[in-house]
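Chains, contacts and geometry: an overview
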Amino acid sequence: MSEHRVRFAALFDAEVRPHNERFRTAAAVKPGEVVLDVGCGTGESTREAAQAGATALGVDVSEQAIARARVLGGASFEVADVQTRAFPPAAFDVVLSRFGAMFFADPPAAFANLARALRPGGRLVLLVWQERARNEWYSVLHDAVAPGTTPPPAGPHFSLGDPAHTRALLEGAGFGDVEFTELRDPVCYGPDAATACEFALGLKDVQELHPTEDAPARLRAVFAAHETPDGVLLGARTWIVTARVSRA
């Protein structure tokens, strides 16, 4: 996680608030459960699990993010890569990942490791972006920063957007009962156009478009057109993906 993501951690959390509320409901964490939060960032979803009465561990590969999560407190946090971390078998009731699982370099290994870490019947709950073409926020950014150009290949954060691909991946790792719930709530890029512009210019998606000197002005104008009383809102689509360990 970059310095930009840590600096704007509160805005990253606020950006997807409606999606996260549905994600939290789908996770349905109960008191006494043991929860692993994968790619936890600065730990909001881990703390929410702990507030629900669970014993919650948040893990992330970013030392910066985990350092900030520990300052905020409310749960346990660890710098770890779940592709290789040797978790005790059948140690967790629930594995959560809010926009983290898309970034696995080796998804089959990562999900197989998570399946081993779940107790029999334990559940996996993911929040992931749908495919890039279905997300208005990306086209708004691209058209403002690099109008008339062909977008680069989609980045890893869209890697679980195809349900058929993701279902096959999870079933191959030992999960069953794989289900997808579509969310179409907007995302918020900030309270106003100026904040949204500063936030957006630090995003990897925008930097990969090689913004020109006039890109900030174009972005600000576009964001001004999307300002609402609730902030700068752009269309978005995500999946809540749920599954259970299928072994007895």
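Keep in mind that what you see is a predicted model, and the values were worked out from it rather than measured. (Residues numbered from 1 in each chain as written. Predicted model: local features only at pLDDT ≥ 70, side-chain atom pairs only at ≥ 80, totals over all residues. Heavy atoms only, no water.)

1. What about the overall build of the chain?
- When helices and strands are tallied, the chain shows 11 helices and 10 strands.
- Here the chain has a C-alpha radius of gyration of 18 Å; the compact-globule value for 248 residues is 18 Å, and the two agree.
- If you line up the chain on its principal axes, its C-alpha atoms span 55 × 40 × 30 Å.
- Counting all 248 residues of the chain, 50% fall into the buried class.
- Counting contacts in the chain only where the partners sit at least 6 residues apart, residues at least 24 apart contribute 73% of the total.
- Of the roughly 11,000 Å² that the chain leaves accessible, carbon and sulfur atoms contribute 53%.
- For the chain, the centre of its 24 positive side-chain charges and the centre of its 31 negative side-chain charges are spaced 5 Å apart. (Helix = DSSP H or I, 4+ residues; strand = E, 2+ residues; numbered from the N terminus. Rg over C-alpha atoms; globule rule 2.2 N^0.38 Å. Buried < 20%, exposed > 50% of the residue type's maximum accessible area, 1.4 Å probe, protein only. Contact = heavy atoms within 4.5 Å. Areas by Shrake-Rupley, 256 points an atom, 1.4 Å probe, with all protein chains shown as cover. Lys, Arg positive; Asp, Glu negative; His and termini not counted. Charge placed at Lys NZ, Arg CZ, Asp CG, Glu CD.)

2. Topic: the nonpolar core
- Judged by nonpolar contacts, the single largest core of 76 residues is most densely connected at F111, W137, F175, Y189 and F223.
- Ranked by the residues each element gives to this core, the list is headed by strand 5 (residues 118-129), at 7 residues. (Core = buried A, V, L, I, M, F, W, Y, C linked by side-chain atoms within 4.5 Å.)

3. Remarks on the packing of helix 9 (residues 193-201) against helix 11 (residues 215-225)
- For the pair helix 9 and helix 11, the least separation of the axes is 9 Å and the interaxial angle reads 130°. When the axes of helix 9 and helix 11 are compared, the pair comes out oblique. Relative to helix 11, the crossing made by helix 9 is right-handed. Residues A193, A194, A196, C197, A200 and L201 of helix 9 form the contact with helix 11, whose own contacting residues are P216, L219, R220, F223 and A224.
- Tallied by class, residues from the contact of helix 9 with helix 11 come to 10 nonpolar, no polar and 1 charged. (Axes fitted to C-alpha atoms, helices over the stretch in contact; angles between N-to-C directions. Parallel < 35°, antiparallel > 145°, perpendicular 65-115°, else oblique. Left-handed = near helix turned anticlockwise from the far one by under 90°. Nonpolar A, V, L, I, M, F, W, Y, C, P; charged D, E, K, R; others polar.)

4. Looking at the pairing of strand 5
- Counting buried positions along strand 5 gives 9 out of 12 residues, so the element sits mostly inside the fold.
- Both strand 4 (residues 92-98) and strand 5 contribute to a ladder of 6 bridges, which runs parallel. Residue pairing in the sheet places L96 in a bridge with V125 of strand 5.
- As paired elements, strand 5 and strand 10 (residues 238-245) share 7 bridges and run antiparallel to each other. Each residue of the ladder has a partner; that of L124, found in strand 10, is A243. (Pairing = 2+ DSSP bridges.)

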